[in-house]
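Summary of structural features
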Amino acid sequence: MRRKIVAGNWKMNTVIQDGLDLAESVKKNAEKGLPENVMLILAPPFTHLAGLKNILPDNIGLAAQNCASEESGAFTGEVSAAMVASSGANYVIIGHSERRLYFKETDPELNKKIKLALASQLSPIFCCGENLHEREKGIHTEVVKKQIELGLSDIPEADFKRIIIAYEPVWAIGTGKTATPDQAQDMHLYIRTQIKEMYGEETAGNTSILYGGSCNPSNARELFANSDVDGGLIGGASLKADDFLAIARSF
Ligand code: PEP
């Protein structure tokens, strides 16, 4: 049975103490119980990772929001996959649309990051999704297909099994506009079919595909009710522990 995952992407929010307080609140609220097979992951800024590792229980995953596309060396300001792993994190978000857009990250560069993350025993949360123009032109499936083909090219099946996919239509991120449950389900099924072509039925069936884009406690239930939507990558609503947990309890 594939895992249901609700991951919180804190983006560039919270100073360290606020992040520790937020993680503590998530932990306390999660102790009240979660639906079966639902797992939480928190993705704070790099500076918070080691501190959060100290306070989070093993059943709450810890993710970085990015890692470098080079292994080590003279890349001032970068944080390598090995460094992320050494902080205690076990996941890393790769290819978020804000990284693609503002930091001009390309598909081949993302593919390098994925491989370095896997080599450091991290599980990548690989983000894909079309922008509004591409959705309106009706080319959203081709866009996502290409992002997956290039970003996830050349990954041995055993490693691919550790990858989580997040479908995040760019027009829905931070805009308050959510994909309809049908739009989400259609794209998730499309992605799963693509994985099936690459790795076969079993791996496709075991891959968790998360939805991201203005997901909140009011719309999570109808999104998660779809058979191919295995949870969410949550931005804004993950900054409030109660909202984040309400989303996790929407299964
Ligand atoms: C995100 O940035 O991954 C995201 C889904 O943001 P939001 O929930 O705020 O739309």
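None of the values given here were measured: they were computed from a predicted structure.

Definitions and cut-offs
- Residues numbered from 1 in each chain as written.
- Predicted model: local features only at pLDDT ≥ 70, side-chain atom pairs only at ≥ 80, totals over all residues.
- Heavy atoms only, no water.
- Core = buried A, V, L, I, M, F, W, Y, C linked by side-chain atoms within 4.5 Å.
- Buried < 20%, exposed > 50% of the residue type's maximum accessible area, 1.4 Å probe, protein only.
- Contact = heavy atoms within 4.5 Å.
- 1 Å grid on protein atoms, 1.4 Å probe; cavity = no way out; pocket = protein on both sides within 12 Å on 5 of 7 lines; lining within 4 Å.
- Points joined across faces, edges and corners; volume = space filled by probe spheres on them.
- Helix = DSSP H or I, 4+ residues; strand = E, 2+ residues; numbered from the N terminus.
- Nonpolar A, V, L, I, M, F, W, Y, C, P; charged D, E, K, R; others polar.
- Phe/Tyr/Trp six-rings, centres within 6.5 Å; stacked < 30°, edge-to-face > 60°.
- Lys NZ or Arg CZ within 6 Å of the ring centre and 35° of its normal.
- Pairing = 2+ DSSP bridges.
- Axes fitted to C-alpha atoms, helices over the stretch in contact; angles between N-to-C directions.
- Near = heavy atom within 4 Å.
- Areas by Shrake-Rupley, 256 points an atom, 1.4 Å probe, with all protein chains shown as cover.

Turning to the nonpolar core, a few remarks are in order. Counting residues in hydrophobic clusters, the biggest one holds 60 residues, and the most contacted among them are Val26, Leu40, Leu42, Phe126, Ile163, Ile191 and Tyr211. The residues touching Val26, leaving out its near neighbours within four places in the chain, are Leu40, Leu42, Ile60, Ala241, Phe244 and Leu245. Listed in part, the 14 residues of the second largest apolar core include Met39, Ile41, Ala43 and Leu210.

So, about the layout of surface pockets. By volume, the largest pocket is sized at about 410 Å³. Contributing to the lining of the largest pocket are 13 residues, with Lys11, Met12, Gln65, Arg99 and Phe103 lying nearest its centre. Among the elements that make up the lining of the largest pocket, the one with the highest residue count is helix α4 (residues 97-102) (3 residues). Within the lining of the largest pocket, the residues separate by chemical class into 6 nonpolar, 4 polar and 3 charged.

Our next topic: the packing of aromatic side chains. The tally for this structure, following the rule as stated, stands at 2 aromatic pairs. Ring geometry for Phe160 against Tyr199: centres 4.4 Å apart, planes inclined by 25°, an arrangement best described as stacked. With Phe160 in helix α8 (residues 157-160) and Tyr199 in helix α9 (residues 181-199), this residue pair connects regions lying 39 residues apart in the sequence. By the burial criterion, Phe160 is buried, and Tyr199 matches it. A cation sits over an aromatic face here: Arg99 above Phe103, 4.0 Å from the ring centre.

Here we come to the sheet that holds strand β3 (residues 60-64). On the basis of which strands lie adjacent, the closed barrel formed by 8 strands has the order β1-β2-β3-β4-β5-β6-β7-β8 and parallel pairing. The sheet shows a mean angle of 25° between the axes of neighbouring strands, taken without regard to direction. With 6 bridges connecting them, strand β1 (residues 4-9) and strand β2 (residues 38-43) associate as parallel partners. Within the sheet, the bridge partner assigned to Val6 lies in β2 and is Leu40. Packing against the sheet, helix α7 (residues 140-151) makes contact with β5 (123-128) and β6 (164-167), and its axis sits at approximately 150° to β5. Most of the contacts of helix α12 (residues 241-248) go to β2, to which it runs at about 145°, and overall it touches β1, β2 and β8 (231-234).

It is worth spelling out the site of the ligand at this point. Lys11, His96, Glu168, Gly174 and Ser214 are the nearest of the 14 residues found near the ligand. If the ligand stood free it would expose 300 Å²; the protein chains cover 95% of that surface. The residue inventory of the shell around the ligand, partitioned by class, reads 4 nonpolar, 8 polar and 2 charged.

These values are about where atoms sit, not about what they do.
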